[in-house]
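Summary of structural features
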Amino acid sequence: MVTDSESAGPGSVSRPCDRGQLLLVGALAIAFILLGIVVVFNGVLYTETIAASATSQSAGSAQVAEYELADGLDELATRSYNETSGTFEREDGTALTDDDVTTFVEAIGDSIGSSRSAGVAVDSETVSIDHGSPAITVTVTYATADVERTVTIVAEPEGF
Amino acid sequence: MVVLIAALLALQSVVITPTTGGAVDRTVQDQLQQEASDALVVAESHGGLTATVMGWSGNATDNVSAFEENASLSHELGPILEHRFSEQGHSYNLEAVYVEENGTVTVDRVLTQGRPSSGAVTASYTITLFDDHEHIPEHTDPTLEHAYAVVEVRLTVW
C-alpha cells in the first residue's frame, strides 16, 4: 500500500523513510571513506620503511669497502717494502710495478663486488708507488645502485 | 549499524601490516645486518678474521666447527659473535669463500649452527692471505704478487 505524502498531514510516515535512506547512504559513505583511509595509510607506511633503508645500507657498505681495500693495501705495502734498499719489491727482488698493484687491488675489488651488488673500479693511471716516502697510492671508485664513491687510498708500510 | 561494521572492519585491517604475517620487521633486519657487518669489521681490525681462516682445517657439521688442534674461532672474533648474537638468541654461520684463478668458487664452512631461516641476513668482509701466514688452506691465486689468496669471509645471522 503506497502512502500518499500529500494527503497525510505534517509529520507523516514518509519522512522517516526519507531520513532512513539518507542515514543509510551516509553510513555507507562513511564506511567507504574509513576503509579507503586505512588502505592508503597502510601502503604509505609500508613503502616508507622499505625505501628509507636501502640507501643508508649502501653508504655503510661503501665505508666497509674502503676498510677492506685499505687493509689489503697496507699489508701489501708492509710485506713488499725492503728497508735495506728502501724500495717496494716483488717476490723476485725486482721493483714493484703499477700493474702488480692494479692486479692486487682488482682482485680485492672483485671479491667485494661479488659479495654485494656493487662494482669496484680501479683507475690504473692513478696508481703511484713512491719509494721515498714510502707510500702506495690508488684511487678506487665504489658504485652501487644508490651510491657512487671515489676514494684515494694511501698505504704506508708498518712503522712509517 | 553499517558504520559500526565498517569501523570494525577498518580497525581489523589496520592490524594487517607487513609484520603480522610472521614476516620479520624490516628495521629489525637492517639492524641485524649492520651489526653483522660491524662485527666483521671490528674483528678484522684486530686481525681476528685472518687468524680464524688460517686455523680452519675442514668442513664443519652442525654445531661442530673443525679447527686444528689448539685453534678455534679466534679470540677476537669468538667473543664478539658470542655476546652479540648467541646471547640475544640468534644463530649464525661463518663461511670462507675463495675464487681461484680458473674461476672455480670454493665455499669452506668454518662454523655452522644449522640452516638459516628465511629472515636471515648476511655480511661479508674481504681479507687477503699472504705467503708468510701459517696454516694456509689450499686455495691459491698465483697471479697476485706477494699475496696468497683473497678470501671473502661471510657471516649469516638469523
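Look up a bit, the structure's there.
Residues numbered from 1 in each chain as written. Chains lettered and ligands numbered in written order. Predicted model: local features only at pLDDT ≥ 70, side-chain atom pairs only at ≥ 80, totals over all residues. Heavy atoms only, no water.

1. A look at the overall build of chain B
Going by this rule: What counts as a helix is a DSSP run of H or I of at least four residues, what counts as a strand is a run of E of at least two, and both are numbered from the N terminus. We call two residues in contact whenever any of their non-hydrogen atoms come within 4.5 Å of each other. Throughout, the Shrake-Rupley method with a 1.4 Å probe supplies accessible areas, and for residues the shown protein chains are the sole cover considered.
Broken down by element type, chain B carries four helices and four strands. Across chain B, helices and strands are ordered from the amino to the carboxyl terminus as α-α-α-α-β-β-β-β. Contacts in chain B between residues at least 24 apart in sequence constitute 64% of all its contacts with a sequence separation of at least 6. Summing over all exposed atoms, chain B offers an accessible surface of approximately 8200 Å²; the carbon and sulfur share of this is 53%.

2. Here's the deal with the interface of chain B and chain A
In plain terms, the rule: We define buried area as the total accessible area lost by two parts upon association, computed with a 1.4 Å probe and summed across both. By convention in these notes, a salt bridge is any Lys or Arg side-chain nitrogen within 4 Å of a carboxyl oxygen on Asp or Glu. Polar contacts, as used here, are pairs of N or O atoms within 3.5 Å; protein pairs need one atom able to donate a hydrogen and one able to accept it. Residues neighboring in sequence count only if both atoms are side-chain atoms.
Each partner contributes residues to the interface: chain B has 34 residues there, and chain A has 37 residues. Between chain B and chain A lies a buried interface of about 3000 Å² when both sides are counted; carbon and sulfur atoms form 62% of it. Per-residue buried area on chain B facing chain A is highest for Thr 126, Glu 145 and His 146 of chain B; these three make up 21% of the total on that side. Counting every contact that joins chain B to chain A gives zero salt bridges. For the pair chain B and chain A, the interface holds three residue pairs in polar contact (both at pLDDT 80 or more).

3. Re the packing of aromatic side chains
Here a ring pair, both rings aromatic, is described through the centre-centre distance and the interplanar angle of the planes. Test applied: Geometry of aromatic contacts follows a simple scheme: Phe, Tyr and Trp rings, the Trp one being its six-membered ring, pair when their centres are within 6.5 Å, and the pair is stacked under 30 degrees between planes, edge-to-face over 60, tilted otherwise. Only protein chains enter the area calculation, which uses a 1.4 Å probe; residues under 20% of their type maximum are buried, those over 50% are exposed, and those in between are partly exposed.
Inspection of every chain in the model, using the stated rule, returns three aromatic pairs over all chains. Pairing Phe 104 of chain A with Phe 130 of chain B gives two aromatic rings, centres 6.1 Å apart and planes at 35°, and the pair type is tilted. Here Phe 104 of chain A, found in helix α2 (residues 98–115), pairs with Phe 130 of chain B, found in strand β3 (residues 121–130), and the two come from separate chains. Overall, the relative accessible area of 2% leaves Phe 104 of chain A in the buried class. Taking relative accessible area as the criterion, Phe 130 of chain B reaches 0% and is therefore assigned buried.

4. Describing unusual backbone geometry
Following Ser 133 of chain A, the chain continues to Pro 134 of chain A via a peptide bond in cis, the omega torsion being -15°. Position of Pro 134 of chain A among the secondary structure elements: in the loop between β4 (128–130) and β5 (135–143).

5. Here we look at the pattern of salt bridges
Counted by the stated rule, this structure contains seven salt bridges over all chains. Across the salt bridge formed by Arg 79 of chain A and Glu 75 of chain A, the nearest N and O atoms sit 3.1 Å from each other. With Arg 79 of chain A and Glu 75 of chain A both in helix α1 (residues 14–80), this residue pair falls four residues apart, about one helical turn. Arg 79 of chain A gets classed as partly exposed once you look at its relative accessible area, which sits at 26%. For Glu 75 of chain A, a relative accessible area of 22% puts it in the partly exposed group. When the shortest N-O distance is used, the salt bridge between Arg 154 of chain B and Glu 152 of chain B registers 3.3 Å. It is possible to trace a salt-bridge network through shared partners that takes in Glu 95, Glu 152 and Arg 154 of chain B.

6. Topic: the sheet that holds strand β1 (residues 92–99) of chain B
All names here are of chain B. Note the cut-off: Should DSSP find at least two bridges between two strands, the strands are regarded as paired. Angles run from 0 to 180 degrees between N-to-C directions of axes, and those axes are lines fitted to C-alpha atoms, restricted for helices to the stretch in contact.
Overall, antiparallel pairing links the four strands, which are arranged β2-β1-β4-β3 in an open sheet. Each having just a single partner strand, β2 (105–111) and β3 make up the two edges of the open sheet. Strand-to-strand twist of the sheet, defined as the mean angle between neighbouring strand axes without regard to direction, takes the value 25°. Relative to strand β4 (residues 147–157), β3 runs antiparallel, the two sharing ten bridges. Bridged to Tyr 125 within β4 is Val 153. Lying on the sheet, helix α3 (residues 48–55) is in contact with β1, β2, β3 and β4; it crosses β3 at an angle near 80°.

7. Points about the pairing of β4 of chain B
Residue and element names in this part refer to chain B. Taken across its eleven residues, β4 has ten buried, putting it largely inside the fold. Sheet analysis places β1 next to β4, joined by seven bridges and oriented antiparallel. Along β4, the bridge assignment pairs Ala 96 with Val 153.

8. Focus on α3 of chain B
Residues and elements named next belong to chain B. Counting buried positions along α3 yields seven of eight residues, so the element is predominantly enclosed. Among all positions of α3, only Gly 48, Leu 49, Thr 50, Thr 52, Val 53, Met 54 and Gly 55 are buried. Turning to α3, the residues buried within the fold contact α2 (26–45), α4 (77–84), β1, β2, β3 and β4.

9. Looking at the side chain of Glu 44 of chain B
This is how the line gets drawn: When charges are counted, Lys and Arg contribute as positive and Asp and Glu as negative, whereas His and the chain ends are disregarded.
Tracing the sequence through the fold places Glu 44 of chain B in helix α2. The side chain of Glu 44 of chain B sits in the buried core without any salt bridge; Arg 79 of chain A is the nearest counter-charge, 9.5 Å away. Reaching out from Glu 44 of chain B, the side chain makes a polar contact with the side chain of Thr 50 of chain B at a distance of 3.0 Å. When neighbours within four sequence positions are excluded, Glu 44 of chain B is seen to be in contact with Asp 71 of chain A together with Leu 49, Thr 50, Tyr 125 and Ile 127 of chain B.

10. Examining a nonpolar patch on the surface
All names here are of chain A. Note the threshold: Residues enter patches when they are more than 30% accessible in relative terms and free of salt bridges; like-charged ones are connected within 9 Å and nonpolar ones (Val, Leu, Ile, Met, Phe, Trp, Tyr) within 5 Å.
Together, Leu 24, Leu 28 and Phe 32 make up an exposed nonpolar region whose accessible area comes to about 310 Å². Here Leu 28 is to be found in helix α1. Judged by relative accessible area, which is 38%, Leu 28 ranks as partly exposed.

Keep in mind these values describe shape, not function.
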